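# Structural overview
Letter by letter, the chains look like this.
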Amino acid sequence: QQQVKQSPQSLIVQKGGISIINCAYENTAFDYFPWYQQFPGKGPALLIAIRPDVSEKKEGRFTISFNKSAKQFSLHIMDSQPGDSATYFCAASSGTGNQFYFGTGTSLTVIP
Amino acid sequence: GAVVSQHPSRVICKSGTSVKIECRSLDFQATTMFWYRQFPKQSLMLMATSNEGSKATYEQGVEKDKFLINHASLTLSTLTVTSAHPEDSSFYICSARTGGGGYGYTFGSGTRLTVV
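A quick note: this is a predicted structure, and the numbers were derived from the prediction, not measured.

Right, let's get into the pairing of strand β1 (residues 4-7) of chain A. Residue and element names in this part refer to chain A. Only one face of β1 is covered, namely the one carrying V4 and Q6; the face carrying K5 and S7 has none of its residues buried. Pairing between β1 and strand β3 (residues 19-25): four bridges, direction antiparallel. Following the sheet pairing, Q6 is matched in β3 by C23.

What follows concerns unusual backbone geometry. P8(A) follows S7(A) through a cis peptide bond whose omega is -5 degrees. Mapping P8(A) onto the fold places it in the loop between β1 and β2 (10-14). Residue P8(B) is reached from H7(B) by a cis peptide bond, and omega for that bond is -5 degrees. Unusually for a residue other than glycine, D79(A) sits at a positive phi of about 45 degrees. Classification of D79(A) as partly exposed rests on a relative accessible area of 39%.

As a further point, take the environment of L68(B). All names here are of chain B. Looking at where L68 falls in the secondary structure, it is placed in strand β7 (residues 67-73). Each C-alpha atom of the pair L68 and K55 lies 10.0 Å from the other, and the pair is 13 residues apart in sequence. When near neighbours in sequence (up to four residues on either side) are disregarded, L68 contacts Y58, T78, L79, T80 and T82.

Listed per partner, the contact involves 19 residues of chain B and 19 residues of chain A. On the surface where chain B and chain A come into contact, there are zero salt bridges. If you look at where chain B meets chain A, you find three residue pairs in polar contact (both at pLDDT 80 or more). The set of elements that each furnish at least two residues to the side of chain B that touches chain A consists of β4 (32-38), β5 (44-51), β9 (90-97) and β10 (105-107) of chain B. Classifying every residue of the side of chain B that touches chain A by side-chain character gives nine nonpolar, eight polar and two charged.

Below, the discussion takes up the sheet that holds strand β7 (residues 62-67) of chain A. Residue and element names in this part refer to chain A. Across the sheet, which stays open at both edges, the five strands sit in the order β1-β3-β8-β7-β6 with antiparallel pairing between neighbours. Single-partner strands in this sheet number two, and they are β1 and β6 (56-59). Strand-to-strand twist across the sheet, computed as the mean angle between neighbouring axes with direction ignored, equals 15 degrees. Relative to β7, β6 runs antiparallel, the two sharing four bridges. Bridging from a neighbouring strand, E59 pairs with F62 of β7.

Once that is clear, we can look at the nonpolar core. F33(A), W35(A), F73(A), L75(A) and Y88(A) are the most contacted members of the largest nonpolar core, which totals 24 residues. Mapped by element, the contributors of at least two residues to this core are β2, β3, β4 (33-38), β5 (45-50), β7, β8 (72-77), β9 (86-92) and β11 (106-111) of chain A. If one sorts the elements of this core by residue count, β9(A) sits on top with four residues. Residue contacts for F73(A): discarding those within four places in its chain leaves V4(A), I21(A), N22(A), C23(A), Y25(A), F33(A), W35(A), S65(A), F66(A), C90(A) and A91(A). Listed in part, the 23 residues of the second largest apolar core include Y92(B), C94(B), A96(B) and L113(B).

Bringing the state of the cysteines into the picture now. For the coordinates displayed, the defined rule picks out two disulfides over all chains. Note that C23(A) is cross-linked by a disulfide to C90(A), the S-S spacing being 1.8 Å. Disulfide C23(A) to C90(A): torsion about the S-S bond roughly -95 degrees, handedness left-handed. Taken together, the residues span a long stretch of sequence, with C23(A) in strand β3 and C90(A) in strand β9 at a distance of 67 residues. In terms of burial, C23(A) and C90(A) fall into one category: buried. A sulfur-sulfur separation of 2.0 Å characterises the disulfide bridge that pairs C23(B) with C94(B). Across the disulfide from C23(B) to C94(B), rotation about the S-S bond amounts to roughly 80 degrees, and the bridge is consequently right-handed. Of this pair, C23(B) sits in strand β3 (residues 19-25) while C94(B) sits in strand β9, and the two are 71 residues apart along the sequence. When sorted by exposure, C23(B) lands in the same class as C94(B), which is buried. The thiol sulfur of C13(B) is not disulfide-bonded, and the nearest other cysteine sulfur, from C94(B), lies at 18 Å.

Here is what the cut-offs are and how they apply
- Along each chain, residues carry numbers from 1 onward, in the same order as the chain's sequence is written.
- All chains are assigned letters beginning with A, and all ligands numbers beginning with 1, in the order in which they are written.
- Residues qualify for local features only when their pLDDT is at least 70, as the model is predicted, and side-chain atom pairs are given and counted only at 80 or more; totals for whole chains, interfaces and linings, by contrast, use all residues.
- The basis for the side-chain values is all heavy atoms of the structure; hydrogens and waters are excluded.
- Only protein chains enter the area calculation, which uses a 1.4 Å probe; residues under 20% of their type maximum are buried, those over 50% are exposed, and those in between are partly exposed.
- A run of H or I in DSSP becomes a helix once it reaches four residues, and a run of E becomes a strand once it reaches two; helices and strands are each numbered from the N terminus.
- Here, any two strands with at least 2 DSSP bridges between them count as paired.
- Contacts were defined at the residue level, with two residues in contact if any of their heavy atoms lie within 4.5 Å.
- Think of a salt bridge as a Lys or Arg side-chain nitrogen and an Asp or Glu carboxyl oxygen that are within 4 Å of each other.
- Here a polar contact means two N or O atoms within 3.5 Å. Within protein one must be a hydrogen donor candidate and the other an acceptor candidate, and residues neighboring in sequence count only if both atoms are side-chain atoms.
- Residue type decides the class: Asp, Glu, Lys and Arg count as charged, Ala, Val, Leu, Ile, Met, Phe, Trp, Tyr, Cys and Pro as nonpolar, and the leftover types, Gly among them, as polar.
- Note on geometry: axes are C-alpha line fits, over the in-contact stretch for helices, and angles between N-to-C directions span 0 to 180 degrees.
- In plain words, nonpolar cores are sets of buried Ala, Val, Leu, Ile, Met, Phe, Trp, Tyr and Cys residues tied together by side-chain atoms within 4.5 Å.
- For this text, the term disulfide refers to a pair of cysteine sulfurs within 2.5 Å.

If you want it as structure tokens, here you go:
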């Protein structure tokens, strides 16, 4: 059973455009929602994360929007660049020290 | 920042042999480490949770006798794939909580295992 559902599976965006990736969850015990960026042959790297007590968090070109009532959260990449081309995973966790549940991943391609 | 070093990055082994993958926390102590497996173009699947000084906790469907995990110190966890077969070929990734009571987790760079 997929604890975190992610869409779309793949995304193609032109340079300068906005990339949007969505995730949904069911377990209301989740209280930490990170996004990871993974390049081929490399481990995931933390991009940005949010706790459910805020509805939005922005770091540079990356923004997480969080809707607690809908149990959804999304990643927005503004002014997308070819260097952003990677696979993005959303995840969710409950409590410190507990495992992460990952979404199925989104392969983002930013074309020049 | 917290760094998790994973070695080797790539390994090719013959069917029937064993392979050991190391995961080290370089600048922090990791009481808990997680081992994941990732197939091409798929998500990370948790295999087991490794706790320093105690037995690992394996996820359902993961053979603990095949995937041996040892977490003998606060900075080192190892995953040994025993009697490897071609179907064990995959990308294996470890992660560790960076401590401080927070939610920070750092991932290793992964190990590409190919069994021929």
